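Spelled out, the chains give:
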Amino acid sequence: MSKIVLYDLPSREPCASWSLNPWKSNAKKSFRLKPHTNNPPARLALNYKGLDYETQWVEFPDIAPTMKSFGLEPNPEGAARSPYTIPAVKFPDDSYMMDSRKIATELERRYPSPPLHLYSPVLRKVEDLMPKLFWPMAGIHMVKIPKNILNPPSVEYMERTRAEGFKKIRSELQSDPDGEKAWAKVEPLLKELGDILNTNGGPFALGKTVSYADFVLVSFLHFARCVDKTLYERAAVTEPSLGILYDASKSWLERDDH
């Protein structure tokens, strides 16, 4: 039987997983956040469960034709910024699936141990906070992605398809080049995440028990760290429990390049 295949966005060399890929219809038109559609939770879940898989890298402009070639149905209208999104997974029975949360649910069905605790109330709390956290930070990190992360084909695609959003963000940065206005909005939200982590004593949201809620948080922290290490460092200083969570999850972040 064939391996699981994870379809992921590449970075520049040395190639590694980095993307949060977060677009959702009820956010601002230019950048749409979809908290469930992000590669690290899918990869973290695979690594945590100890599953055998391989990675196939797909640049931004190749996502739609690649997903179409698998026979995947597009995302429902309004559910994501693009009809086809990364991550996607091919299971050993040659079935395909998009969206990290859907993938996690299917992984849990097929490989129930160790469990991801997908129906824990704490997961909903984390998911409710993530869009609120992402948008103020977009002005800090979005313009750094083409410069620091992407390969040329994806740079051109992102600049072309997100032109309106980049124009607005660059305009805002002229009056707030260090992003301090954004951090003023972000820091209370980081404290709220810290409250969630500290409720059960940490280092994970359920105390000593690992859950998918942790992977949603760690994926965001890892994304920030990949884009600009100083973003992650400031978040961890602002709310130390986030750094503790990230460190406690490092063994599931080690495999990020194949």
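Below or above, wherever it landed, is the structure these notes cover. (Residues numbered from 1 in each chain as written. Predicted model: local features only at pLDDT ≥ 70, side-chain atom pairs only at ≥ 80, totals over all residues. Heavy atoms only, no water.)

### What about the packing of aromatic side chains?
For any pair of aromatic rings, geometry is given as the distance between the ring centres together with the angle between the planes.
Part 1: For the coordinates displayed, the defined rule picks out 10 aromatic pairs.
Part 2: Summarising the aromatic geometry, the rings of Y7 and Y96 are spaced 6.4 Å apart at their centres and angled 35 degrees between planes, so their arrangement reads as tilted. Of this pair, Y7 sits in strand β1 (residues 4-8) while Y96 sits in strand β4 (residues 96-98), placing them 89 residues apart in sequence.
Part 3: Judged by its relative accessible area of 3%, Y7 is buried.
Part 4: Judged by its relative accessible area of 24%, Y96 is partly exposed.
Part 5: Between F215 and W252, the ring centres sit 6.0 Å apart and the planes meet at 65 degrees, which makes this aromatic pair edge-to-face. Of the two residues, F215 is situated in helix α9 (residues 212-227) and W252 in the segment after α11 (240-248); the sequence distance between them amounts to 37 residues. Of the two residues, F215 and W252, neither departs from the other in class, the shared state being buried.
Part 6: Taken together, the ring pairs connect Y48, F204, F215 and W252 into an aromatic cluster.
Part 7: Seen from the ring of Y232, R225 lies directly overhead, with NZ or CZ sitting 5.9 Å from the centre. (Phe/Tyr/Trp six-rings, centres within 6.5 Å; stacked < 30°, edge-to-face > 60°. Helix = DSSP H or I, 4+ residues; strand = E, 2+ residues; numbered from the N terminus. Buried < 20%, exposed > 50% of the residue type's maximum accessible area, 1.4 Å probe, protein only. Lys NZ or Arg CZ within 6 Å of the ring centre and 35° of its normal.)

### Some details on the sheet that holds strand β3 (residues 88-90)
Part 1: The strand order across the open sheet formed by four strands is β2-β1-β3-β4, and the pairing between neighbours is mixed. Where the open sheet ends on each side, the last strands, each with one partner, are β2 (53-57) and β4. Each adjacent strand pair in this sheet contributes to an overall mean axis angle of 20 degrees, direction not counted.
Part 2: Both β1 and β3 contribute to a ladder of three bridges, which runs antiparallel. Considered in β3, the bridge of V5 is made with K90. (Pairing = 2+ DSSP bridges. Axes fitted to C-alpha atoms, helices over the stretch in contact; angles between N-to-C directions.)

### Looking at the environment of N75
Part 1: On the secondary structure map, N75 appears in the loop between α2 (63-69) and β3.
Part 2: Considered as a pair, N75 and M98 are 23 residues apart in the sequence and their alpha carbons are 8.5 Å apart.
Part 3: Engagement of the side chain of N75 in a polar contact is seen with the backbone oxygen of S82, the distance being 3.1 Å. (Polar contact = N/O pair within 3.5 Å; in protein donor to acceptor, adjacent residues only side chain to side chain.)

### What about helix α3 (residues 100-110)?
Every α-helix carries 3.6 residues per turn, so stepping three or four residues along brings you back to the same face.
Part 1: S100, R101, I103, A104, E106, L107 and E108 are the residues of α3 that are buried.
Part 2: Of the residues that open α3, the one with a side-chain oxygen 2.8 Å from the backbone nitrogen of R101 is D99.

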